[in-house]
Amino acid sequence: MTKSLVEIMGADRSHWVGDGFRVRTLFSYDGDTDAISPFLLLDYGDPHFFEPNTGSPRGVGQHPHRGFETVTIVYDGEVSHRDNHGGGGTIGPGDVQWMTAGSGVIHEEFHSKAYSEKGGPFRMIQLWVNLPKKNKMDPPRYQAILDAEIPAIGFDGGTARIIAGEFEGNKGPASTFSPMNIWDVKIPEAGDVSLDLPEGHNAMVVVLSGYVETDGKRISAARIGRFSVEGSGVNLKAAKDTRLLVLTGEPLGDPVVGHGPFVMTSVDEIRQAFVDFQSGRFGSMPE
Ligand code: MN
């Protein structure tokens, strides 16, 4: 039995994160958290052209996180990140930055200086991945995953870059706390592909460009098809060149209580996060 399409999610409105990231929140932990677990939120920064800027790079300044991971995938442009545990760097097209906030980080996210001065097309995704309850207070960690480290596998005329998880025996480089798959998939015009998505995983197909048809329904650009936990695999037909982000994961089963930059399992833990942050227990950014 293949997985069935449960719903098509999306958002027509975009908003700015700081002054650097114009995003649409395609799903978030405001809704049914069991249906998207272990994922929490997906901000899609759809294509945007930034003019050259000789002033301070655009972005978002120092802010804290606790209890989950932020995964930034760049398609166009460059993002620079810096955190108070020494994590950081600049990532460009095809690269991924995987930051585990764990017990708490303070970080900042900006356009790189080089990109900022040159300007040009910009396109990215920031995905929030929840941590299992037992790992929420683990030490922070930072994984820079470069394009060259991500295996690209051909299948049915398409290609899949394996950021996390496994595809036809090929493993992605990201180290994760719970079983999941994150694949950057291209399907050519008139492609008709079957993706082997695991039984027991929540599964979402994010359409970035083009569109796909599945279960007799069309999923257009900047929309997400969410599929059943039951069953394995999905069939996708693409009438034109299509780019997808495929997300699957084993649901964590923990309560999700989120407030702003903190995602924990109870209101008490959220209160504690605010107390710890305000009393300086997250540390501070080096100058
Ligand atoms: Mn952040």
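Just so you know, these numbers come straight off a predicted model, no measurement behind them.

A. Quick look at the overall build of the chain. Helix and strand counts for the chain come out as 3 helices and 26 strands. For 287 residues, the compact-globule estimate of 2.2 N^0.38 gives 19 Å, and the chain sits close to it at 18 Å. Referenced to the eigenvectors of the C-alpha coordinate spread, the extents of the chain come out at roughly 55 × 45 × 35 Å. Looking at the chain as a whole, 53% of its 287 residues qualify as buried. Residue pairs in contact within the chain that sit at least 24 positions apart in sequence constitute 73% of those at least 6 positions apart. By element, 49% of the accessible surface of the chain is carried by carbon and sulfur atoms, the whole surface being about 12100 Å². The positive charge centre, built from 26 side chains, and the negative charge centre, built from 38, are 3 Å apart in the chain.

B. A look at the sheet that holds strand S11 (residues 120-130). If you trace the 7 strands from one edge of the open sheet to the other, you get S2-S3-S4-S11-S6-S9-S12, paired in antiparallel fashion. Single-partner strands in this sheet number two, and they are strand S2 (15-17) and strand S12 (141-145). The average angle at which neighbouring strand axes cross in this sheet is 25°, direction not considered. By the bridge criterion, 3 bridges tie strand S3 (residues 21-27) to strand S4 (residues 39-50) in an arrangement that is antiparallel. From the neighbouring strand, Phe 27 faces S4, where its bridge partner is Leu 42.

C. Quick peek at the nonpolar core. Membership of the largest hydrophobic core comes to 30 residues, with the highest contact counts inside it found for Phe 27, Leu 42, Trp 98, Leu 127, Ile 182 and Leu 247. If we ignore the near neighbours within four places in the chain, the residues touching Leu 42 are Arg 24, Thr 25, Leu 26, Phe 27, Ile 125, Gln 126, Leu 127, Val 206, Leu 245 and Leu 247. Membership of the second largest hydrophobic core comes to 23 residues, among which are Ile 187, Leu 197, Val 205 and Ala 238.

D. Broad picture of the packing of aromatic side chains. Tallied over the entire structure, the rule returns 12 aromatic pairs. Taken together, the ring pairs in this structure connect Trp 16, Phe 21, Phe 50, Tyr 115 and Phe 122 into an aromatic cluster. The ring of Tyr 75 carries the charged tip of Arg 123 above its face, separated from the ring centre by 5.8 Å. The positively charged end of Arg 218 is found above the aromatic ring belonging to Tyr 211, 3.8 Å away from the centroid.

E. Examining the coordination of the manganese ion more closely. Those donors, His 63 (NE2), His 65 (NE2), His 107 (NE2) and Glu 109 (OE), are the protein atoms that reach the manganese ion, and they lie 2.1 to 2.4 Å from it. Along the chain, the residues that donate to the manganese ion are spaced as H-x1-H-x41-H-x1-E. Linking His 63 in strand S5 (residues 59-65) with His 107 in strand S10 (residues 105-111), this pair joins segments that are 44 residues apart in sequence. A residue is classified by how much of its surface remains accessible, and His 63, at 16% relative accessible area, is buried.

F. Here's a closer look at the pattern of salt bridges. According to the stated counting rule, one finds 15 salt bridges in the structure shown. A salt bridge links Asp 276 to Arg 66, with the shortest nitrogen-to-oxygen separation between them at 3.0 Å. Taken together, the positions of Asp 276 in helix H3 (residues 267-278) and Arg 66 in the loop between S5 and strand S6 (68-76) put the pair 210 residues apart, joining distant regions of the chain. A single burial state applies to Asp 276 and to Arg 66, both of which are buried. Across the pair Asp 184 and Arg 161 runs a salt bridge whose closest N-O atoms are separated by 2.8 Å. Taken together, the residues Asp 184 in strand S17 (residues 180-187) and Arg 161 in strand S14 (residues 158-164) connect sequence positions 23 residues apart. Each member of the pair, Asp 184 together with Arg 161, is buried.

G. Highlighting the sheet that holds strand S7 (residues 79-83). A sheet is described by the order of its strands in space; here 4 strands give the open sequence S5-S10-S7-S8, paired in antiparallel fashion. Because the sheet does not close on itself, it has two edges, and the strands there are S5 and strand S8 (88-91). Between one strand axis and the next, the sheet turns through 15° on average, direction left out of account. Two elements, S5 and S10, share 5 bridges in a ladder whose sense is antiparallel. Opposite Val 60, over in S10, you have Glu 109 as the bridge partner.

Cut-offs and rules
The numbers attached to residues start from 1 for each chain and follow its sequence in the written order. Where local features are concerned, this predicted model is filtered to residues with pLDDT of at least 70; where side-chain atom pairs are given and counted, the filter is 80 or more; whole-chain, interface and lining totals use all residues. Neither water nor hydrogens contribute to the side-chain values; these are computed over all heavy atoms in the structure. We count a stretch as a helix when DSSP gives it H or I for four or more residues in a row; a strand needs E for two or more, and each element gets its number in order from the N terminus. Restricting the calculation to C-alpha atoms gives the radius of gyration, and the globule rule supplies 2.2 Å times the number of residues raised to the power 0.38. Here's how the labels work: a residue is buried when its accessible area is under 20% of the maximum for its type, exposed when over 50%, partly exposed in between, all with a 1.4 Å probe on protein chains only. Note on contacts: a residue pair is in contact if any heavy atoms of the two residues lie within 4.5 Å. Areas reported here follow the Shrake-Rupley algorithm with a probe of radius 1.4 Å; residue values treat only the protein chains shown as occluding. Charged residues are defined narrowly, with Lys and Arg counted positive, Asp and Glu counted negative, and His plus the chain ends left uncounted. By convention, the charge on Lys lies at NZ, on Arg at CZ, on Asp at CG and on Glu at CD. At least two DSSP bridges between two strands are required for those strands to pair. What counts as an axis is a line fitted to C-alpha atoms, over the stretch in contact for a helix, and the angles between N-to-C directions run from 0 to 180 degrees. Buried Ala, Val, Leu, Ile, Met, Phe, Trp, Tyr and Cys residues that are joined via side-chain atoms within 4.5 Å together make up what is termed a nonpolar core. Side-chain rings of Phe, Tyr and Trp (the six-membered ring for Trp) are treated as a pair once their centres are within 6.5 Å; stacked means planes under 30 degrees apart, edge-to-face means over 60, and tilted covers the remaining angles. A ring is scored as having a charge over it whenever the NZ atom of a lysine or the CZ atom of an arginine sits within 6 Å of its centre and within 35 degrees of its normal. Metal sites are built from N, O and S donor atoms within 2.8 Å, or 3.2 Å for Na, K and Ca, and they leave out water, so they may look incomplete. Salt bridges are defined as contacts in which a side-chain nitrogen from Lys or Arg sits within 4 Å of a carboxyl oxygen from Asp or Glu.

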